[in-house]
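Okay, here's what each chain looks like letter by letter:
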Amino acid sequence: MRKKIPIETAKRVRSLPPYLFATIDSMKEKAVSKGIDLIDLSIGDPDMPTPSHIVEKMRKAVKNPVHHQYPSYAGMLSFRQAVTDWYRKRFNVKLNPKTEVVSLIGSKEGIGHMPLAFIDPGDYALVPSPGYPVYPVATLLAGGKSHEMPLLEKNNYLPDLKAIPKSVLKKSKLMFVNYPNNPTAACADRGFYKELIGFAAKNNIIICHDAAYSEIYYDNEKPLSFLQIPGAKGVGVEFHSLSKTYNMTGWRIGFAVGNKDAIAGLGKIKTNLDSGIFQAIQEAGIEALNTGDTVLGKNRNMFQERRDVLYNGLKKLGLEVNKPKATFYLWVKCPKGVSSMDFTTHLLNKAEILSTPGNGFGAHGEGHVRFALTVPVKRIREAVERIGRIL
Ligand SMILES: *Cc1c(COP(=O)(O)O)cnc(C)c1O
């Protein structure tokens, strides 16, 4: 007898919120199948290839049989050493490569596993809204609850720590913070990090600072590492990614650094669930971390030109937008009374431009759309022209 059994996902999977970007994906598919000349400003993925010296390193490393076996869980010591050297050069922060650095299969992997290591059922994670959806989703999958911290314009898109209710605070174990910020493009200053570290110490909350965009900055104003501020290592970790900095989103390599007990907890989950990064990719990662400033500067200049064209263009059209100091996003206010989904649909139907509706990043993203600078400047000029025609 052949019986078809009911395949039912776990309650925790069924409890996941609807994936708002799926709607956007299907809208995009429909538009593309109609053959329209779509300008896609919804993609958080650099459009330029990985620099050739990194690709070349990979080509050589892949031939080495040593790398064909299981990698070490925490990452090759040489990769962790390269991270340590990069941190000292870039931020003047000292790290112990053996205890304060762990390699990640992209920073999303580490962020996703963090709640599994530290959240018990009933515990809270404090998450930014708008914010990277992985923070609340990973918390939910670990059996925890999220408390949204609104990122509001009047607070320069920084969370208001004093507004977090005491009852939530008592049960909070983790806080996710992300600067330079996706999607608002805001940066945090030293004063904020100081307050954050004091707050974490007082309330026993582990800070998870997501610094995926620390190297995509403009006008030579370098964003801070959370670990540059005294006391940071006592309360948290920082997540980094090679994805955005070196146009390596497809390679899947990142790392977490900071508090050694937090790194060890994350490492424990990883040793039980994954087996680390292909070592040839780690070799390429070492090469990437040693990339000279000329290559990175060129990349930044390219994004800066795009930023200037889009920012100046949208301003001229009367749209409200802040000039980003970092990231490759513009966080644009919808015209008065228009929801983010309606504005997105309007831009797509009337101007053949795809943006990301702010509400996809959480309730407090409503009223904004996100434009990504991941298309050539010529297309950005064209996009500004098209928006001008429909506003
Ligand atoms: C892109 C991104 C990441 C993760 O990138 P990985 O490719 O997984 O390293 C993490 N946080 C934010 C906010 C991002 O936008």
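Placed above this text is the structure.
Anyway, here's the lowdown on the structure attached to this text. This one's a predicted model, so the numbers in the text were calculated from it and none came from an experiment.

About the thresholds
- By convention here, each chain's residues receive numbers from 1 onward along its written sequence.
- With the structure being a predicted model, the display of local features is reserved for residues of pLDDT at least 70 and the display and counting of side-chain atom pairs for 80 or more, all residues being used for whole-chain, interface and lining totals.
- Water and hydrogen atoms were dropped before computing side-chain values, which therefore reflect all heavy atoms in the structure.
- Think of a nonpolar core as a cluster: buried Ala, Val, Leu, Ile, Met, Phe, Trp, Tyr and Cys residues, connected wherever their side-chain atoms sit within 4.5 Å.
- Partly exposed residues are those whose accessible area sits between 20% and 50% of the maximum for their type, while under 20% is buried and over 50% is exposed, using a 1.4 Å probe and protein chains only.
- Two strands pair if DSSP finds at least two bridges between them.
- Numbered from the N terminus, helices here are DSSP runs of H or I no shorter than four residues, and strands are runs of E no shorter than two.
- Like-charged residues are merged into a patch within 9 Å and nonpolar side chains (Val, Leu, Ile, Met, Phe, Trp, Tyr) within 5 Å, provided each residue has over 30% relative accessible area and no salt bridge.
- Under the convention used here, a 1.4 Å probe and the Shrake-Rupley method define accessible areas, while residue burial counts only the protein chains that appear.
- By salt bridge we mean one thing: a side-chain nitrogen of Lys or Arg within 4 Å of a carboxyl oxygen of Asp or Glu.
- Residues are counted as near a molecule or strand when any one of their heavy atoms sits within 4 Å of it.
- Each polar contact in these results corresponds to two N or O atoms within 3.5 Å; when the atoms are within protein, one needs to be able to donate a hydrogen and the other to accept it, and residues that are neighboring in sequence are counted only if both atoms are side-chain atoms.
- The directions from the helix axis to the C-beta atoms are what the arc is built from.
- Two aromatic rings from Phe, Tyr or Trp, using only the six-membered ring of Trp, form a pair when their centres are within 6.5 Å; if the ring planes differ by under 30 degrees the pair is stacked, by over 60 it is edge-to-face, and anything between is tilted.
- How far a helix is expected to stretch is found by multiplying one less than its residue total by 1.5 Å.
- Only heavy atoms enter the contact rule, under which two residues are in contact if any of them lie within 4.5 Å.

**Notes on the nonpolar core**
Counting 66 residues, the largest nonpolar core has Tyr87 and Met175 as the members making the most contacts within it. By size, the runner-up hydrophobic cluster in this structure holds 34 residues, among which are Val321, Leu330, Ala351 and Val377.

**Considerations on the sheet that holds strand 11 (residues 356-357)**
One open sheet accounts for three strands, arranged 9-12-11; its pairing is antiparallel. Whereas interior strands pair on both sides, the edge strands pair on one side only; in this sheet they are strand 9 (329-333) and strand 11. Where strand 9 meets strand 12 (residues 368-372), five bridges bridge the pair, whose relative direction is antiparallel. Of the residues in strand 12, the one forming a bridge with Val332 is Val369.

**Observations concerning a nonpolar patch on the surface**
On the surface, Val13, Leu16 and Leu141 cluster together into a nonpolar patch covering about 200 Å² of accessible area. Given the relative accessible area of 36%, Val13 is considered partly exposed.

**A look at the site of the ligand**
If you check the shell around the ligand, you find 13 residues, and the closest are Asp210, Tyr213, Ser241, Ser243 and Lys244. Contacts to the ligand include Tyr213, whose side-chain N or O atom sits 2.6 Å from an oxygen atom. The separation between an oxygen atom of the ligand and a polar side-chain atom of Ser241 is 2.6 Å. Where the shell around the ligand is concerned, the elements lending two or more residues are helix 5 (107-118) and helix 10 (242-245).

**Focus on helix 6 (residues 134-141)**
Along helix 6, the residues classified as buried are Val134, Tyr135, Ala138 and Thr139. Each buried residue of helix 6 sits inside an arc of 130° when the element is viewed along its axis, so together they form one side. A positive phi of about 90° marks Gly143, the residue just after helix 6.

**Concerning the packing of aromatic side chains**
Applying the stated criterion across every chain yields a total of 15 aromatic pairs. Centre to centre, the rings of Trp331 and Phe361 are 6.2 Å apart; their planes meet at 75°, and the pair counts as edge-to-face. In this pair, Trp331 sits in strand 9 while Phe361 sits in the loop between strand 11 and strand 12, placing the two residues 30 residues apart along the sequence. As far as burial versus exposure is concerned, Trp331 and Phe361 are alike and both buried. Among the aromatic side chains, those forming a connected cluster through ring pairs are Phe79, Trp86, Tyr87, Phe91 and Phe255.

**A short note on helix 4 (residues 77-91)**
With 15 residues, helix 4 ought to run about 21 Å at 1.5 Å a step, and its terminal C-alpha atoms sit 20 Å apart, in line with that. Listing the buried residues of helix 4 in full gives Phe79, Arg80, Ala82, Val83, Thr84, Trp86, Tyr87, Arg90 and Phe91. Structurally, helix 4 contributes buried residues whose contacts are with strand 2 (101-104), strand 7 (236-241), strand 8 (254-258) and helix 12 (279-289). With its phi angle positive at about 60°, Asn92 sits one or two positions after the end of helix 4.

**Thoughts on the pattern of salt bridges**
Taken as a whole, this structure holds 18 salt bridges when the rule is applied. Put simply, Glu153 and Lys333 hold a salt bridge, and the shortest N to O gap is 2.8 Å. Of the two residues, Glu153 is situated in the loop between strand 4 (145-150) and helix 7 (166-170) and Lys333 in strand 9; the sequence distance between them amounts to 180 residues. Residue Glu153 is classed as partly exposed on the basis of its relative accessible area, which comes to 37%. Arg300 is the salt-bridge partner of Asp293, the closest N and O atoms lying 3.3 Å from each other.

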